[in-house]
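# Chains, contacts and geometry: an overview
This is what each chain is made of:
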Amino acid sequence: LGPFTLTGAQTPAELKQWVAWCGSDTGMLNYIEQLLKDGSIKSAGEFIAQDTQRLKHLLGFIADPGKSLNVRAGASALLESYRGAAPLQQLVPLLAELSQHADHRVRADACNLLGHSGSATARPYLETCLKDTSAEVREIATESLELID
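These lines cover the structure that appears in this document, whether it is placed above or below. (Residues numbered from 1 in each chain as written. Predicted model: local features only at pLDDT ≥ 70, side-chain atom pairs only at ≥ 80, totals over all residues. Heavy atoms only, no water.)

### Here we look at the packing of helix α5 (residues 69–80) against helix α8 (residues 104–117)
Put simply, the rule is: All axes here are fitted lines through C-alpha atoms, helices being fitted over the stretch that makes contact, and every angle between N-to-C directions spans 0 to 180 degrees. Here a strand is any run of E in DSSP of at least two residues, a helix any run of H or I of at least four, and the numbering for each starts at the N terminus. Roughly parallel here means an angle under 35 degrees, roughly antiparallel means over 145, roughly perpendicular means 65 to 115, and every remaining angle is called oblique. Each crossing gets its hand from how the near helix is turned against the far one by less than a right angle, where anticlockwise is left-handed and clockwise is right-handed. By the convention used here, residues are in contact when the closest approach between their heavy atoms is within 4.5 Å. Side-chain classes are defined by residue name, with Ala, Val, Leu, Ile, Met, Phe, Trp, Tyr, Cys and Pro counting as nonpolar, Asp, Glu, Lys and Arg as charged, and the others, Gly among them, as polar.
Closest axis-to-axis distance for the α5/α8 pair is 10 Å, and the angle between their directions is 20°. Judged by the angle between their axes, α5 and α8 are roughly parallel. Note on packing geometry: the crossing formed by α5 with α8 is right-handed. Across from R72, S76, L79 and E80 in α5, the residues of α8 making contact are R105, V106, D109, N112, L113 and H116. When its residues are assigned to classes, the contact of α5 with α8 shows three nonpolar, three polar and four charged.

### Structural notes on the packing of α8 against helix α10 (residues 135–147)
α10 packs onto α8 with a crossing angle of 5° between their chain directions and a minimal axis gap of 8 Å. In this view, α8 runs roughly parallel relative to α10, as classed from their interaxial angle. Here H104, R107, A108, C111, N112, G115 and H116 of α8 come into contact with α10, specifically with E136, V137, I140, A141, S144 and L147. When its residues are assigned to classes, the contact of α8 with α10 shows six nonpolar, five polar and two charged.

### Quick look at helix α3 (residues 41–49)
Threshold: Here the term buried applies to any residue with accessible area under 20% of the maximum for its type, exposed to any over 50%, and partly exposed to those in between, with areas from a 1.4 Å probe on protein chains only. An arc is given here, and it is the one of the directions from the helix axis to the C-beta atoms.
Taken as a whole, α3 has its buried residues at A44, F47 and I48. The buried residues of α3 all sit within an arc of 95° when viewed along its axis, so they share a single face.

### As for the environment of L113
Secondary-structure assignment places L113 in helix α8. Residue classification places L113 among the buried positions, given a relative accessible area of 1%. Residues L113 and L88 lie 25 residues apart in sequence; the distance between their C-alpha atoms is 8.2 Å. In this structure L113 touches I62, S76, L79, E80, L88 and L95, once residues within four positions along its chain are discounted.

### Quick word on the pattern of salt bridges
Rule in force here: Within this document, salt bridges are pairs made up of a side-chain nitrogen of Lys or Arg and a carboxyl oxygen of Asp or Glu, the two lying within 4 Å of each other.
In this structure the tally under the stated criterion is five salt bridges. Between K67 and E33 there is a salt bridge, with its nearest N and O atoms 3.0 Å apart. Placement of the pair is K67 in the loop between α4 (55–62) and α5 and E33 in helix α2 (residues 25–37), with a sequence separation of 34 residues. Owing to a relative accessible area of 24%, K67 belongs among the partly exposed residues under this scheme. Judged by its relative accessible area of 11%, E33 falls in the buried class. Put simply, R72 and D109 hold a salt bridge, and the shortest N to O gap is 2.5 Å. In this pair, R72 is assigned in helix α5 and D109 in helix α8, connecting sequence segments 37 residues apart. By relative accessible area, which is 11% here, R72 ends up buried. Counted as one network, the salt bridges with shared partners bring together E33, K37 and K67.

This is how it looks when you write it as structure tokens:
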């Protein structure tokens, strides 16, 4: 159905909703989230690999500490799989914003991903995080700085 591969039985109302979501950011978010909730990280990775611009949708899961562990961990793993590659490096400005998030878990995840970007442009954001109020964020910022050339 459009860019989505739906599995299992779908009600007419669910199919109508998926049709409405085709090509929208909301649809992309819901589709990727459903794949991650179902533990289908491989399918989510294949879907994102078809268009790496879809990676940015994963940041919404990183930014929401209320998301399930499957979704947050899956999103992190998918983003980390682009370590040192241009698609992740292009997200540095958005990750920099997340490194200043109110929730320390989001800041820690952002620092981890900034390090995995391998981009020198991430360095100043990580250096700022060395002064974070959270020990976890400071530790991850320190480790992430070591990943940057």
